[in-house]
Structures are given as C-alpha cells and as structure tokens.
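Architecture at a glance
The chain contents come next:
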Amino acid sequence: MTDVTPYVVLSAILFSIGCVGVLTRRNAIVVFMCVELMLNACNLALVAFAKQHGNLDGQIAAFFVMVVAAAEVVVGLAIIMTIFRTRRSASVDDASLLKY
Amino acid sequence: MTAFWILAPVMVLAALGILVVRKAVHAALLLAVVMISLAVLYAVLDAPFLFAVQIIVYTGAILMLFLFVMMIVGVDASDSVVETIRGQRPLAVLLGLGLAVILVASVGQITLGTVVGLDAANEGGNIEALANLLFSRYVFVFETTSALLITAAVGAMVLAHRERTGPRPTQASRAAQRVRDFAERGEHLGPLPAPGVYARHNAVDTPALLPDGTPAESSVSRTLAARGRIRSAPDLADDIEDVQRALGGLPGGSGSPGDTASGSGHNTENPSAAAGGPATDGDPGSEAPR
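Residues numbered from 1 in each chain as written. Chains lettered and ligands numbered in written order. Predicted model: local features only at pLDDT ≥ 70, side-chain atom pairs only at ≥ 80, totals over all residues. Heavy atoms only, no water.

It is worth spelling out the interface of chain B and chain A at this point. In this complex, chain B contributes 80 residues to the contact, which on the side of chain A involves 69 residues. The contact between chain B and chain A buries some 7000 Å² in all, and 77% of this surface belongs to carbon and sulfur atoms. One can count two salt bridges joining chain B with chain A. Across the pair B:Arg137 and A:Asp57 runs a salt bridge, and its minimum N-O distance is 2.9 Å. Here chain B is connected to chain A by 17 residue pairs in polar contact (both at pLDDT 80 or more). Elements supplying a minimum of two residues to the side of chain B that touches chain A: α1 (2–20), α2 (24–44), α3 (48–73), α4 (88–109), α5 (126–134) and α6 (139–160) of chain B. Of all the elements, α3(B) adds the most residues to the side of chain B that touches chain A, at twelve residues. Looking at side-chain class alone, the side of chain B that touches chain A contains 61 nonpolar, twelve polar and seven charged residues. (Contact = heavy atoms within 4.5 Å. Buried area = accessible area lost by both parts, 1.4 Å probe. Salt bridge = Lys/Arg side-chain N within 4 Å of Asp/Glu carboxyl O. Polar contact = N/O pair within 3.5 Å; in protein donor to acceptor, adjacent residues only side chain to side chain. Helix = DSSP H or I, 4+ residues; strand = E, 2+ residues; numbered from the N terminus. Nonpolar A, V, L, I, M, F, W, Y, C, P; charged D, E, K, R; others polar.)

This is the structure in structure tokens:
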C-alpha cells in the first residue's frame with residue numbers, strides 16, 4: 001500500500017500558495033481564484049485521508065465542500081460584478097467606502 | 001504514485017504562476033491546470049465520483065463562470081502594482097512561507113500508519129457506496145445544501161439584477177436625440193464613414209481619405225486606434241508592392257508566371273478593382289489614388 005503523506009504535503013503547499021495569493025493579489029477575481037485553490041487543497045487532504053482510513057466519509061466531505069464552493073463562487077462573482085458596475089473597478093483596494 | 005510525482009510539480013508551478021501572472025485570464029488558465037491535475041489525483045486516490053465531479057463542477061462550471069465574469073469586467077483589468085499598505089506583500093509572502101513550513105513539517109512529523117485503502121469500502125462500486133452514505137448518514141446535510149443552493153441562486157439573481165431607472169430608449173427617441181445633438185453641438189448626424197476602399201486595396205485598419213488627402217479618423221474602429229493597429233493608405237500600398245515584387249521576382253520563366261502571380265495577388269487584394277478602376281493595373285509604382 002502506498003503512503004498518503006505526499007498527498008497531504010502537496011495539499012499543505014497548495015493551501016499556503018492560495019493563502020499568499022489571497023493576501024497579495026489586488027484583483028478581486030484572482031483573489032477568488034486563490035480561495036478556490038485553498039478549498040481544492042483541503043479537498044485533496046480529505047480524499048487522501050479517506051483512503052488512509054478506508055471509509056468514504058472524507059469523500060462525502062469533499063463533495064460537500066465542492067457544493068459550498070460552487071454556491072460561494074456564484075454569490076461572490078455576483079458581488080464583484082455589482083461592485084464593478086458601480087465603481088468601474090475590480091480591485092479590492094477601491095471598495096473602501098465603508099472606512100469613512 | 002507515478003502520476004503523483006509527475007503532477008505534483010506541475011500543480012505547484014501552476015499555483016505559483018497564479019501568484020505572479022499579471023492578467024486574470026492567465027491566472028484562470030493556470031487554475032484550470034491545477035484543477036484538472038487534482039481530478040487525476042482523485043482518480044488515483046480511488047475516488048472516481050469526485051474525479052468526474054471535479055472536472056464537471058470545477059473546470060466545467062466554476063472556471064467558466066470566472067471567465068464569463070472576466071469578460072463582463074474586462075479581460076485587461078490587470079492587477080495594479082502599487083502597494084496600498086507599505087510592506088504588505090513581502091510580509092504576506094513571509095507569512096505564507098511560514099505557514100507552508102509549519103504545515104509541511106507537522107505533516108512530516110506524524111506517522112499515519114498503514115493505509116487501509118478503499119478496496120473494501122468501494123466494493124459495490126464507489127458511486128453506490130457514496131450514495132448509501134449520502135442518503136443515510138448525511139441526508140440532513142444533503143437536504144440543507146438544497147437550501148444553500150437556492151439561497152445562492154436567488155442571491156446571485158438579486159445581486160446581478162439591475163433596476164431600470166429611466167424609460168427604455170426607443171428608436172424614435174434615439175433619432176430625436178441625434179437630431180438634438182446635431183442642432184446643439186453640431187455632431188455628425190449620419191452614420192460613420194466606411195474605412196478606406198481604394199482601387200488597389202481595402203482593409204478595416206486603413207482609414208478612408210478625405211478629399212484633401214488627410215485620413216478620416218472616424219472611419220476606423222476606435223479599438224484598433226487604441227491598439228495602435230491603424231495603417232495609412234500609402235503604407236498598405238507599399239506592402240502590396242513588396243508582395244508583388246517578391247512574386248514577380250521569382251526565378252524561372254521571365255514573363256508569364258510572374259504576371260499570373262501578380263495578377264492573382266492583385267485580384268485577392270483588390271475586390272473593388274473590377275468595379276472601381278483597372279487603371280492602376282500593371283503599374284506597381286503608383287500610390288493609392290487620393
């Protein structure tokens with residue numbers, strides 16, 4: 001039997017990359033893509049642990065993560081579009097009106 | 001394990017690419033690489049159902065949604081380079097590296113024991129086993145996702161819906177507005193002029209010439225002008241002459257092959273020549289008529 005540790009390590013690396021992307025990128029769409037990357041990294045860990053423990057609960061959890069991610073992307077992109085329509089910009093720095 | 005060692009570097013490189021590419025479209029394509037590779041890894045990890053769902057839902061639906069929104073927002077809405085918070089970017093990279101080191105080190109320290117494997121759990125088929133779990137132990141979660149999905153759908157519709165504040169402009173009101181603009185500001189009343197149509201060539205990137213020989217800027221698309229792709233009529237004439245000289249200068253039979261080549265080239269470049277004026281035929285030195 002193969003070990004699942006490399007999969008978990010890869011998942012950790014992808015999660016960290018997504019985290020850095022959320023912190024550094026300024027375009028709201030790219031920030032969203034990085035959030036998707038983090039969710040996918042979690043899914044990989046869930047599927048790997050499902051294989052490790054020999055039951056399918058991990059795969060079910062990954063499936064639910066996908067459902068939630070789909071709903072989140074739909075609402076998030078609608079918000080980005082609304083902001084773009086009023087402010088003509090997709091940058092996360094421009095939507096700072098609540099500060100003042 | 002071979003698939004993992006091939007795909008893992010590809011995935012990490014593509015994910016790092018998302019961090020550095022300027023254009024959002026390139027980031028979306030790199031994300032597609034990561035997601036398809038993940039789907040293959042799911043297949044390797046005995047999850048054929050998630051393999052299909054990953055490709056259909058993520059690369060099929062979610063990434064297409066990203067691309068659609070990018071089309072609406074504008075493909076060239078690239079990232080700004082200015083930092084709004086001083087030193088945020090290096091600090092974020094440092095923190096990310098720290099997170100990666102901590103996670104990888106802690107995962108590397110633990111021993112997971114022997115892998116049980118999904119052969120027993122997948123015995124009656126992976127999809128059947130997943131369905132058994134989904135509709136027994138997780139049935140309430142499954143029902144709750146329906147509420148989540150319908151809320152998301154309604155929310156997206158409410159957010160994307162635009163209330164029309166004024167009356168819808170009709171053809172008559174548009175025409176009246178044009179006439180008003182002409183009366184008040186002297187704006188051009190008729191349609192815009194067509195791009196240059198000359199005796200020897202025509203193209204949408206070549207402006208039409210006014211009677212005094214100056215190019216009419218309004219005759220070519222503003223998009224082409226913004227990209228700097230507009231060519232002047234004499235430039236285009238020079239290009240055509242270069243091509244004709246190259247075709248006519250072929251070695252071999254001095255007369256007929258070169259003549260036919262230049263003649264056929266002439267016809268393809270110049271559909272209006274037959275109707276317009278065959279006067280420039282056989283006269284490669286002349287410029288476009290002004």
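Turning our eyes to something else, we now look at the UniProt feature "transmembrane region" (unreviewed entry) in chain B. Residues and elements named next belong to chain B. Residues annotated by UniProt as "transmembrane region" (unreviewed entry) correspond here to residues 6–21, 28–45, 51–73, 93–118 and 138–160. With 94% helix and 0% strand, the stretch residues 28–45 has end C-alpha atoms that lie 25 Å from each other. Secondary structure content for residues 138–160 is 96% helix and 0% strand, while the C-alpha to C-alpha distance between its ends is 33 Å. (UniProt positions renumbered as here; feature names shortened; annotations may be inferred.)

Time to look at the UniProt feature "transmembrane region" (unreviewed entry) in chain A. Residues and elements named next belong to chain A. The UniProt entry lists residues 6–23, 30–50 and 62–84 under the feature "transmembrane region" (unreviewed entry), expressed in the numbering used here. Within residues 30–50, the helical portion is 100% and the strand portion 0%, while the C-alpha atoms at the span's ends are 30 Å from each other. The distance separating the terminal C-alpha atoms of residues 62–84 is 32 Å; by composition the span is 100% helix and 0% strand.

As a packed pair, helix α3 (residues 57–87) of chain A and α6(B) sit with axes 9 Å apart at the nearest point and diverge in direction by 10°. When the axis of α3(A) is compared with that of α6(B), the two are roughly parallel. Mapping the contact onto sequence places A:Phe64, A:Val67, A:Val68, A:Ala71, A:Val74, A:Val75, A:Ala78, A:Ile79, A:Thr82 and A:Arg85 in α3(A) and B:Val141, B:Phe142, B:Thr145, B:Leu148, B:Leu149, B:Ala152, B:Ala156, B:Leu159 and B:Ala160 in α6(B). Class assignment of the residues belonging to the contact of α3(A) with α6(B) gives a composition of 16 nonpolar, two polar and one charged. (Axes fitted to C-alpha atoms, helices over the stretch in contact; angles between N-to-C directions. Parallel < 35°, antiparallel > 145°, perpendicular 65-115°, else oblique.)

Mapping B:Ser37 onto the fold places it in helix α2. Non-local contacts of B:Ser37, meaning those with residues more than four positions away in its chain, are made with B:Leu7 and B:Met11.

Let us now look at α6(B). Taking 1.5 Å as the rise per residue, α6(B) with 22 residues should run 32 Å; its terminal C-alpha atoms sit 32 Å apart, in good agreement. Of the positions making up α6(B), those classed as buried are B:Thr145, B:Ala152 and B:Ala156. Down the axis of α6(B), the buried set is contained in an arc of 25°. They therefore lie on one face. Pointing more than 90 degrees away from the buried face of α6(B) are the exposed residues B:Phe140, B:Ile150, B:Thr151, B:Met157 and B:Val158. Buried residues along α6(B) sit in contact with α3 of chain A. (Expected span 1.5 Å × (residues − 1). Buried < 20%, exposed > 50% of the residue type's maximum accessible area, 1.4 Å probe, protein only. Arc of directions from axis to C-beta.)

With that out of the way, let us pick up the packing of aromatic side chains. Tallied over the entire structure, the rule returns six aromatic pairs over all chains. Their ring planes at 55° and their centres at 5.8 Å tell us that A:Phe63 and A:Phe64 sit as a pair that is tilted. Accessibility assignment for this pair places A:Phe63 and A:Phe64 in one class, buried. Seen from their ring centres, A:Phe63 and B:Phe49 are 5.6 Å apart, and the 50° between their planes marks the pair as tilted. With A:Phe63 in helix α3 and B:Phe49 in helix α3, this pair bridges two chains. Residue classification places A:Phe63 among the buried positions, given a relative accessible area of 16%. Look at B:Phe49 and you get partly exposed, because its relative accessible area is 24%. Connected via pairs of aromatic rings, a cluster forms that spans A:Phe63, A:Phe64, B:Phe49 and B:Tyr138. (Phe/Tyr/Trp six-rings, centres within 6.5 Å; stacked < 30°, edge-to-face > 60°.)

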